[in-house]
Amino acid sequence: MMIHRTLHDCVRDLEKAGMVRRIDHEIDPHLEMAEIQRRTYQAQGPALLFTRPKGCRFPMVGNIFGTPERTRYLFRHTLRTVQTLIRVKMDPPAALKRFWQLWRLPGAALSMLPKRVRRGSVFANETTISQLPKLVSWPDDGGPFVTLPLVFSHHPDQPGWRRSNLGMYRVQLAGNDYLQDQEVGLHYQLHRGIGIHHQRAMERGEPLPVNILVGGPPSLILSAVMPLPDDLPELLFAGALGGRRVRLAAPQIDGRTWPVVPSDVDFCICGEIYPGETKPEGPFGDHLGYYAKVHDFPVLRVRKVFHRTNAIWPFTVVGRPPQEDTSFGEIIHEITGPLIPTVLPGVHEVHAVDAAGVHPLLLAIGSERYVPYSGKRKPRELLTCANAILGQGQLSLAKYLLIAAHQDDPKLTTHHIDEFLVHLLQRVDWQRDLHFQTRTTMDTLDYSGSGLNEGSKVVIAGAGPVRRQLGTDPTPFRELFASVGPVASTIPGVLLVQGSRFFDRSDTLTRLQQVLHHQSDFAEKFPLLVVVDDLAFAAASLNNFLWVTFTRSDPAQDIYGIDEFIEQKHWGCRGSLVIDARIKPHHAPPLVEDPAVTKRVDELAARGGPLAGLF
């Protein structure tokens, strides 16, 4: 059984399996390395070990989780055991019927408990922030960032692993107003684990010790992004997934014993967050495909920077999906998907759509049992399911939640996105099935709303018999759009409309209202219209359509309807629904690669070059 005690073990294991490409040519962590990683990921290529990063003595490794197959390979000896643990939690009697699968569970339970050790290998050497790798992924990033950080903190009222948090929060190493080697930036939301710890420390009027860990066994990295309950420490899950108890050790800093940290990592930045101390952080090219803008976030006062002997710096690159973090999403779904019905009664499936930036769009299937006669079924229980979904952890960040009834098609799945959308559009009633939450919170990284963390949500619930036959050919209706602009179809029932450049909300939308007024035949064929800036781009693929539509619109601001109305404070429309997915002045700029860097990477990838045959 292969146990990865360290990141070095992980890389060696992948090398033996032929899953690593070693690059001994000097590569610049400033833009070059990120573009190489992105291209390799798109080509479904190997993990990348850069032995000579420019300006840095530490080797760097990327694309470790670049394919679902490689991610499963890393956990090949423990994944089935973790899934068995979950089945036992879901249904103990059913699990006992397969008793022969339970023989590994005592060992797994033991491996979940962290183990205190006297000395940690990560504390073997000291360095400074300026000597660490300076990865810059996108041209307008505010500085170098840690892109696979493991941010570890303890609850101030009960220090220790039982109330600890291990999360993957954004870390900016330099730039802006940060004092070199003395400060780094932390970007996180107050409802996350570290935010709860920070809030309590501020109430106590004391600094919060925080450790930024980099590297270590892959089980630690995956555990940091798992959507675990608040009362389940990530260290327990990391032990089960890694097949080995997480080692904890406490460093000595300025004559003080620091809180324990996982000690098999490669780097450890120890510091403190002081109450009320913030500095500008960002911009940063983020997973929605846009730059997160500059905002004030907590700053960490650095006390010590440690690293193990022969340390390796792991990294990933985020941007418009799919990217490497897509593999995280797939493996998380494999592990936690079966738990959804136990956490959310009545909910069969939930799918955070990666192509739409994950949080902007959720697809779900729920039970609709209030009216057992299919001819009379309409969304009732589905709305209860929807409220439960939007009250659950990271799912609460969803902006669009589309939910269908399991009883209408037991074979329907949220992972066939186009089929799911067709199913919903065949049944939805725009006069009844739109349910908004306005002036509420949304994802910090989503700038389509009215301000930072401010925006709206909409639930679209469809249930009952098929009410329309969707169209795929807009030709019969082209004359209607002569005064509006070119149109193109994507999936059945959806029509994309080329809008004029966005100046206000009355140009293209007003003309649509005028030409489609009382056009019931059109609404039956194309119940959804999306106004876009670049028709050819949006229509080129399903992924383009999803990204444009759901990252560039806020439900309350950007949903309109033909022949719309308000009745008893409920908004609906009698004709087609319209989503304005054009870029607005308040939106964040999209990510664009540097042409000079692209040319340089092309040269490196040419025949005979150090990257030849990689992508």
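Read on for a plain summary of the structure. (Residues numbered from 1 in each chain as written. Predicted model: local features only at pLDDT ≥ 70, side-chain atom pairs only at ≥ 80, totals over all residues. Heavy atoms only, no water.)

Before going further, it helps to spend a moment on the nonpolar core. Core analysis: the biggest nonpolar cluster contains 53 residues, and Ile 64, Leu 166, Leu 213, Leu 222, Leu 235 and Cys 268 have the highest contact counts within it. Looking at this core element by element, the count peaks at six residues for helix H9 (residues 234-242). With near-sequence residues (within four places) excluded, Leu 213 lies in contact with Leu 148, Pro 149, Leu 150, Phe 152, Leu 166, Val 261, Pro 262, Val 265, Phe 267 and Cys 268. The next biggest cluster of nonpolar side chains, apart from the first, holds 48 residues, and it includes Ile 365, Leu 412, Phe 545 and Phe 550. (Core = buried A, V, L, I, M, F, W, Y, C linked by side-chain atoms within 4.5 Å. Buried < 20%, exposed > 50% of the residue type's maximum accessible area, 1.4 Å probe, protein only. Helix = DSSP H or I, 4+ residues; strand = E, 2+ residues; numbered from the N terminus. Contact = heavy atoms within 4.5 Å.)

What follows covers the pairing of strand S28 (residues 528-532). Within S28, five of the five residues are buried, which leaves the element mostly enclosed by the surrounding structure. On S28, burial covers both faces: Leu 528, Val 530 and Val 532 on one face and Leu 529 and Val 531 on the other are all buried. As paired strands, strand S27 (residues 494-498) and S28 are joined by five bridges and run parallel to one another. Paired with Val 497 across the strands is Val 531, a residue of S28. Of the strand pairs in this sheet, S28 and strand S32 (residues 577-580) are connected by four bridges, and their pairing is parallel. Residue Val 530 lies in a different strand from S32, and its bridge partner there is Ile 579. (Pairing = 2+ DSSP bridges.)

The element helix H17 (residues 542-551) is largely enclosed, with a buried count of eight among its 10 residues. Burial in H17 covers these residues: Asn 544, Phe 545, Leu 546, Trp 547, Val 548, Thr 549, Phe 550 and Thr 551.

In space, the five strands of this open sheet follow the order S21-S22-S23-S25-S24, with mixed pairing throughout. What marks the edges here is a single partner per strand, and that holds for strand S21 (347-352) and strand S24 (434-441). Put simply, the sheet's adjacent strands are angled 15 degrees from each other on average, direction ignored. (Axes fitted to C-alpha atoms, helices over the stretch in contact; angles between N-to-C directions.)

The subject of this paragraph is the sheet that holds strand S4 (residues 115-116). Strand-to-strand pairing in sheets goes through backbone hydrogen bonds, with the strands running parallel or antiparallel. Ordered by their spatial adjacency, three strands build an open sheet running S4-S12-S15, and the pairing between neighbours is mixed. This sheet does not close on itself; its edge strands, each paired only once, are S4 and strand S15 (261-262). Pairing of strand S12 (residues 247-249) with S15, which is carried by two bridges, proceeds in the antiparallel orientation. Counted as the bridge partner of Ala 249 is Val 261 from S15.

Moving on: unusual backbone geometry. Following Gly 282, the chain continues to Pro 283 via a peptide bond in cis, the omega torsion being -5 degrees. Turning to its location among the elements, Pro 283 is positioned in the loop between strand S16 (267-281) and strand S17 (284-285). In this model, Pro 321 is joined to Pro 322 through a cis peptide bond whose omega is 5 degrees. For Gln 44, which is not a glycine, the phi torsion comes out positive at approximately 55 degrees. Here Gln 44 lies in the loop between helix H2 (32-42) and strand S2 (47-50). Accessibility expressed as a relative area gives 43% for Gln 44, which makes it partly exposed.

A word on the pairing of S2. Neither face of S2 is open: one carries Ala 47 and Leu 49, the other Leu 48 and Phe 50, and all of them are buried. One ladder, built from four bridges, connects strand S1 (residues 20-23) with S2; its direction is parallel. In the strand pairing of S2, Ile 23 is matched with Phe 50. Regarding the hand of the β-α-β motif, the stretch spanning S1, H2 and S2 is right-handed. The pairing of S2 with strand S3 (residues 60-62) spans three bridges and is classified as antiparallel. Within the sheet, the bridge partner assigned to Leu 49 lies in S3 and is Val 61. (Right-handed = clockwise from strand over helix to strand, strands pointing away.)

Oppositely charged side chains may form a pair once their charged atoms are brought near each other. As enumerated under the stated definition, the model contains 30 salt bridges in all. Asp 157 serves as the salt-bridge partner of Arg 204, at 2.7 Å between the closest nitrogen and oxygen. With a gap of 47 residues between them, Arg 204 in helix H7 (residues 193-204) and Asp 157 in the loop between strand S7 (149-154) and strand S8 (164-167) connect regions that are remote in the sequence. Accessibility expressed as a relative area gives 38% for Arg 204, which makes it partly exposed. The residue Arg 582 makes a salt bridge to Asp 507 at a minimum N-O spacing of 3.4 Å. Remark: Asp 507 occurs in the loop between S27 and helix H14 (508-516) and Arg 582 occurs in the loop between S32 and helix H19 (595-604); sequence separation between them is 75 residues. One exposure class covers both Arg 582 and Asp 507, and it is buried. Several salt bridges share partner residues, and in doing so they unite Asp 157, Arg 200, Glu 203, Arg 204 and Glu 206 into one network. (Salt bridge = Lys/Arg side-chain N within 4 Å of Asp/Glu carboxyl O.)

Here we come to the packing of aromatic side chains. A complete count under the given rule lists 15 aromatic pairs for this structure. Judged by centre distance (5.1 Å) and plane angle (80 degrees), the rings of Phe 123 and Phe 306 are edge-to-face. One end of the pair, Phe 123, is in the loop between S4 and strand S5 (125-127); the other, Phe 306, is in strand S19 (residues 295-307), with 183 residues separating them in the sequence. Across the pair, Phe 306 and Phe 123 agree in class, each one buried. A network of ring pairs unites the aromatic residues Phe 477, Phe 481, Phe 522 and Phe 526 as a single cluster. It is Arg 76 that lies over the ring of Tyr 73; its NZ or CZ is 3.9 Å from the centre. The ring centre of Trp 547 lies 4.9 Å from the NZ or CZ of Arg 552, which sits over that ring. (Phe/Tyr/Trp six-rings, centres within 6.5 Å; stacked < 30°, edge-to-face > 60°. Lys NZ or Arg CZ within 6 Å of the ring centre and 35° of its normal.)

Count 3.6 residues to each turn of an α-helix, and residues three or four apart come out pointing the same way. End to end, helix H10 (residues 325-336) covers 16 Å across 12 residues, agreeing with the expected 16 Å (1.5 Å per residue, within 8%). Regarding H10, the residues found buried are Thr 326, Ser 327, Phe 328, Ile 331, Ile 332, Ile 335 and Thr 336. (Expected span 1.5 Å × (residues − 1).)

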